[in-house]
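An overview of the molecular structure
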Amino acid sequence: DTLSSLLLVFVIFAYSAAERNGIVISRKLDGIARRAWALFGVALCAAGVLGYVVIMQPVRANAAAHRGWELLRTGGGDEAAIAAFEKSISYGTRYSVDARRFAAEYLFEFLKQGGRRPDESLRRLTEYAIAKMDENIAAEPYNVKWVLYRGELYNVMAAKFGDPSFLKRAEEDFLRFRDMSPGRLRTYLGLAEVRKARGEIPAAWDAINYVTDTVPGFLFGHTSAAVLAVETDDRLREEKEIAWLTEHGGYGDDALRDAYVRKKRYADAARVQKEIVRGRDADPVSYAPAYRAISYARLAALYQLAGEIEKARETASMVARLDPAKKAEVEAFLQTLP
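As a starting point, this report considers the structure included with it.

Of all the positions in helix H12 (residues 254-262), only Asp254, Leu256, Arg257, Ala259 and Tyr260 are classed as buried. Along its buried surface, H12 packs onto helix H4 (96-112), helix H10 (219-231), helix H11 (235-247), helix H13 (266-281) and helix H14 (289-305). Two or three places before alanine 255, at the opening of H12, aspartate 253 has a side-chain oxygen 2.8 Å from that residue's backbone nitrogen.

Here we take up the layout of surface pockets. One number sums up the size of the second largest pocket: a volume of about 490 Å³. Taken together, the elements giving at least two residues each to the lining of the second largest pocket come down to helix H2 (27-73), H4 and H14. Looking at the lining of the second largest pocket element by element, the count peaks at 4 residues for H2. A class-by-class count of the residues in the lining of the second largest pocket yields 7 nonpolar, 5 polar and 7 charged.

For the pair H14 and helix H15 (residues 309-322), interaxial distance at closest approach is 8 Å and the crossing angle is 165°. Relative to H15, the element H14 lies roughly antiparallel. For the crossing formed where H14 meets H15, the hand is left-handed. From H14, Pro289, Ala290, Arg292, Ala293, Tyr296, Ala297, Leu299, Ala300, Tyr303 and Gln304 reach across to H15, where they touch Ile309, Lys311, Ala312, Thr315, Ala316, Met318, Val319 and Leu322. Its residues assigned to classes, the contact of H14 with H15 shows 14 nonpolar, 2 polar and 2 charged.

This part takes up the environment of arginine 67. Turning to its location among the elements, arginine 67 is positioned in helix H2. Through-space distance from the C-alpha of arginine 67 to that of isoleucine 82 is 10.0 Å; in sequence the pair is 15 residues apart. The residues touching arginine 67, leaving out its near neighbours within four places in the chain, are Ala84 and Lys87.

Mapped onto the fold, arginine 184 is located in the loop between helix H7 (165-180) and helix H8 (185-197). Taking the C-alpha atoms as reference points, arginine 184 and valine 211, separated by 27 residues in sequence, lie 9.2 Å from one another. Sequence-distant contacts of arginine 184, that is, excluding residues within four places in its chain, are made with Val144 and Phe177. A polar contact of 2.9 Å, which involves the side chain of arginine 184, links it to the side chain of serine 181.

Before going further, it helps to examine empty space enclosed by the protein. This structure, assessed with the given rule, holds 1 cavity of 30 Å³ or more. In this structure, the largest cavity encloses a volume near 60 Å³. Taken together, Leu189, Ala192, Glu193, Lys196, Ile208, Ser224, Val227 and Leu228 make up the lining of the largest cavity. If you list the elements that add at least two residues to the lining of the largest cavity, you get H8 and H10. If you tally residues by element for the lining of the largest cavity, the top one is H8, at 4 residues. Counted by class, the lining of the largest cavity contains 5 nonpolar, 1 polar and 2 charged residues.

Here we come to the side chain of arginine 292. Checked against the element boundaries, arginine 292 lands in helix H14. Residue arginine 292 is classed as buried on the basis of its relative accessible area of 14%. At a separation of 2.9 Å, a polar atom in the side chain of arginine 292 contacts the side chain of aspartate 281. Those residues within four positions of arginine 292 in sequence are excluded, and the remaining contacts are Arg280, Asp281, Pro284, Tyr287 and Leu322.

Conventions and cut-offs
Residues numbered from 1 in each chain as written. Predicted model: local features only at pLDDT ≥ 70, side-chain atom pairs only at ≥ 80, totals over all residues. Heavy atoms only, no water. Buried < 20%, exposed > 50% of the residue type's maximum accessible area, 1.4 Å probe, protein only. Helix = DSSP H or I, 4+ residues; strand = E, 2+ residues; numbered from the N terminus. Contact = heavy atoms within 4.5 Å. Polar contact = N/O pair within 3.5 Å; in protein donor to acceptor, adjacent residues only side chain to side chain. 1 Å grid on protein atoms, 1.4 Å probe; cavity = no way out; pocket = protein on both sides within 12 Å on 5 of 7 lines; lining within 4 Å. Points joined across faces, edges and corners; volume = space filled by probe spheres on them. Nonpolar A, V, L, I, M, F, W, Y, C, P; charged D, E, K, R; others polar. Axes fitted to C-alpha atoms, helices over the stretch in contact; angles between N-to-C directions. Parallel < 35°, antiparallel > 145°, perpendicular 65-115°, else oblique. Left-handed = near helix turned anticlockwise from the far one by under 90°.

Here is the structure:
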């Protein structure tokens, strides 16, 4: 399969043929054989080094990165996960970029699904993810994804910890992203978040309206519009967007539910959460029973806040049915109901 091994085969064949014919092998032929063996040894060593660099290091880097992801997903410890990501990055392979993005993508998915963790843990992970995006931007300055990710992480820091300095950094990244890749709709949704957080409501509407006008069928654009309408008490726009979402795939979205909760419109929040539950029940492969139980628990709590006590009881019973380990918590919740 290689020139060196082929050469060795012919040397052996030549040696056998010479011996059979009674020919004395010359010192020159012995030298050729020795050189062939030496060449074979060098080739073998080179193949080993190349195999380690090209195959084994990437395999180890990939395994470490995925181990970090699983540690975050299963609650195995933030520092252990970060150590696994750093080990993956230390190999200096093509997987280093992926290892640096995993923390950011985990946070986006975790928050999208309504995950909760202590503030200290969330801050640590977000700051780590931002630092890794800095490194990815330095490594791939023309990859717009990392600029967008960092802007969204700055938004998380501003929203969760109330630091307005992150709003300015987020806006800078979103504007840079827009200049690098004009027309990308996520840019405008990010800008709308920044402007809303600053209280610049007309400017926030300008950004969202650009999205819904440019691509009328973009689901997330209409969801963002519904959220802003709820938060600004724009009932006409809210009704319009809810009607659109109902017709085009449903309004079961965590952000919309949370907007209703912030406005203390618990019955509306329960209605959205019921849509979320329905969607997750329809996809048992993606949402395990224990995870679906969390959705039912949130729905039960919203029914309680909305004063719909019988629905709260019925929904709480589903929590225990889906996740028997929560039976004690369900009983404690039922005790709080009148």
